[in-house]
Amino acid sequence: MNPIIAPYIMFLFFWPLSSAMYFHVAEKEEKCLIEDLPSETLVTGRYKIQKWDLKEHDFLPSAPGLGMVVTVTAPNGEVLLSKLYGPDGKFTFTSHSPGEHTICLQSNSTNLIAFVSNKLRIHFDIQSGENPLDFHIINAKDKVKEVTYGLEHLRGEINHIIKQQEYQREREEHYRGKSEETNNNVLWWAIIQTAILTSVGIWQIKHFKDFLIAKKVV
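The name given to the chain in an unreviewed UniProt entry is Glycoprotein 25L, with the source organism recorded as Xenopus tropicalis. As its UniProt record puts it under Sequence similarities (unreviewed entry), the chain is described as follows: "Belongs to the EMP24/GP25L family."

Quick look at the structure:
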């Protein structure tokens, strides 16, 4: 492999692992996560369910009889995805508007009797960008395909970074406009308060002077 390209391939291989996580939930309990995404961004999520075994006192490597309902909601409330998957699955969706997208996971047992107290461990990994990394392709024996795919993935990541930067720039401009508008409102409110206090002070002085004149004090 080309020694110049090799570090990029290694980076692309290990980078997605850093975004993986797991969390514990009860059976049929819903867990939601929030992803702040720019518009027209492809998002790929992978998950795996493990069920706590009372005899082994550990989580089983697989959870037969369990499924996962994945629901994705856009910032405007539109449901982008709502589908039932198996105990080990992958889902994708594309954001149509920028903002915070809510991703909810809820186990759905196919057994006749499901106990809410059953503890589950859900391994979850989410990637955003045009070309999410596929470990099966990156581990291919064909080095040419490996390098080609790595470069395509790198190009997709660059495009995704550019899109993220544009989105952050738009958000910065939006919040800067809000900040300037707030500062202007505070300034005008201070001017109005000063004008009101000055007017009240002048009126009180005039009223007090008229009162003294009426009483022939001055």
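Right, picking up where we left off after that structure.
Draft legend 1. Just the packing of aromatic side chains, in detail. Throughout the structure, instances matching the rule amount to three aromatic pairs. Pairing Trp52 with Phe59 gives two aromatic rings, centres 5.1 Å apart and planes at 75 degrees, and the pair type is edge-to-face. Taking the relative accessible area as the measure of exposure, Trp52 reaches 29% and is therefore partly exposed. On the basis of relative accessibility, which here comes to 10%, the residue Phe59 falls in the buried class. Three or more aromatic residues link up through ring pairs in this structure, and these residues are Tyr85, Phe91 and Phe124. Between Lys119 and the ring centre of Trp52, over which it is positioned, the NZ or CZ distance is 5.0 Å.

Draft legend 2. The state of the cysteines, seen in detail. Applying the stated rule across the entire model yields one disulfide. There is a disulfide in this structure between Cys32 and Cys104, and the S-S distance comes to 2.0 Å. Linking Cys32 and Cys104, the disulfide has an S-S dihedral of approximately 105 degrees and is accordingly described as right-handed. One end of the pair, Cys32, is in strand β2 (residues 30-37); the other, Cys104, is in strand β8 (residues 99-109), and 72 residues separate them in sequence.

Draft legend 3. Up close: a nonpolar patch on the surface. Side chains of Leu187, Trp188, Trp189, Ile191, Ile192, Ile196 and Val200 sit close together on the surface and give an oily, nonpolar patch of about 720 Å² of accessible area. Within the secondary structure, Trp188 sits in helix α3 (residues 143-214).

Draft legend 4. Representation of the nonpolar core in the model. Formed by 21 residues in total, the largest nonpolar core has its most connected members in Tyr47, Val70, Phe91 and Phe124. Setting aside chain neighbours within four positions, we find Phe91 in contact with Val43, Thr44, Gly45, Tyr47, Val70, Leu81, Tyr85, Ile103 and Phe124.

Draft legend 5. Summary view of the pattern of salt bridges. Taken as a whole, this structure holds three salt bridges when the rule is applied. Measuring nitrogen to oxygen at the nearest pair gives 4.0 Å for the salt bridge that ties Glu27 to Lys51. Note that Glu27 is positioned in the loop between β1 (21-26) and β2 and Lys51 in strand β3 (residues 41-53), a separation of 24 residues in sequence. On the basis of relative accessibility, which here comes to 1%, the residue Glu27 falls in the buried class. For Asp36, the salt bridge is made with Arg171, and the minimal N-O distance between the two is 2.2 Å.

Draft legend 6. How the structure looks around α3. With 72 residues, α3 should reach 106 Å at 1.5 Å per residue; the first-to-last C-alpha distance of 104 Å fits that figure. Regarding α3, the residues found buried are Glu146, Val147, Tyr149, Gly150, His153, Gly156, Glu157, His160, Gln164, Tyr167 and Leu212.

Draft legend 7. Summary view of the environment of Gln127. Within the element layout of this structure, Gln127 appears in strand β9 (residues 119-128). Separated by 83 residues in the primary sequence, Gln127 and Thr44 have C-alpha atoms spaced 5.3 Å apart. At 3.5 Å, the side chain of Gln127 forms a polar contact with the side chain of Asp125.

Draft legend 8. Quick look at the sheet that holds β8. With antiparallel pairing, four strands are arranged side by side in an open sheet as β2-β8-β5-β6. At either margin of the open sheet sits one strand with a lone partner, and together these are β2 and β6 (79-85). Here the strands of the sheet are splayed against their neighbours by 15 degrees on average, with no regard to which way each runs. Relative to β8, strand β5 (residues 66-73) is paired through eight bridges, and the arrangement is antiparallel. Within β8, the position partnered with Gly67 by the bridge is Asn108.

Procedures and definitions
Numbering of residues starts from 1 in every chain and runs along the sequence as written. Where totals are concerned, whole chains, interfaces and linings use all residues; where local detail is concerned, this predicted model gives features only for residues with pLDDT of at least 70, and gives and counts side-chain atom pairs only at 80 or more. Side-chain figures throughout are based on the complete set of non-hydrogen atoms in the structure, without hydrogens or water. UniProt positions are given in the numbering used here, feature names are shortened, and annotations may be inferred rather than shown by experiment. Each Phe, Tyr or Trp ring, with Trp reduced to its six-membered ring, pairs with another whose centre is within 6.5 Å; inter-plane angles below 30 degrees give stacked pairs, above 60 give edge-to-face pairs, and intermediate values give tilted ones. Three labels apply to residues, based on accessible area from a 1.4 Å probe with only protein chains included: buried if under 20% of the type maximum, exposed if over 50%, partly exposed otherwise in between. Lysine and arginine charges are scored as sitting over a ring when NZ or CZ, respectively, is within 6 Å of the ring centre and within 35 degrees of the ring normal. In plain terms, two cysteine sulfur atoms within 2.5 Å form what is called a disulfide here. Comment: elements are numbered from the N terminus, with helices defined as DSSP H or I runs of at least four residues and strands as E runs of at least two. Each patch is built from residues that are more than 30% exposed by relative accessible area and take part in no salt bridge. Like charges join if they lie within 9 Å; nonpolar side chains (Val, Leu, Ile, Met, Phe, Trp, Tyr) join within 5 Å. Surface accessibility follows the Shrake-Rupley procedure with a 1.4 Å probe radius. Residue values consider only the protein chains on display as shielding. A pairing counts as a salt bridge when a side-chain nitrogen of Lys or Arg comes within 4 Å of a carboxyl oxygen of Asp or Glu. By nonpolar core we mean a set of buried residues, namely Ala, Val, Leu, Ile, Met, Phe, Trp, Tyr and Cys, connected to one another through side-chain atoms within 4.5 Å. Note on contacts: a residue pair qualifies if any of its non-hydrogen atoms lie within 4.5 Å across the two residues. Multiplying 1.5 Å by the helix residue count minus one yields the expected span of that helix. By the criterion applied in these results, polar contacts are pairs of N or O atoms within 3.5 Å in which, for protein atoms, one can donate a hydrogen and the other can accept it, and in which residues neighboring in sequence qualify only through two side-chain atoms. Each pair of strands is called paired provided DSSP finds at least two bridges between the two strands. Between N-to-C directions, angles span 0 to 180 degrees; the directions come from axes that are lines fitted to C-alpha atoms, helices contributing only their stretch in contact.

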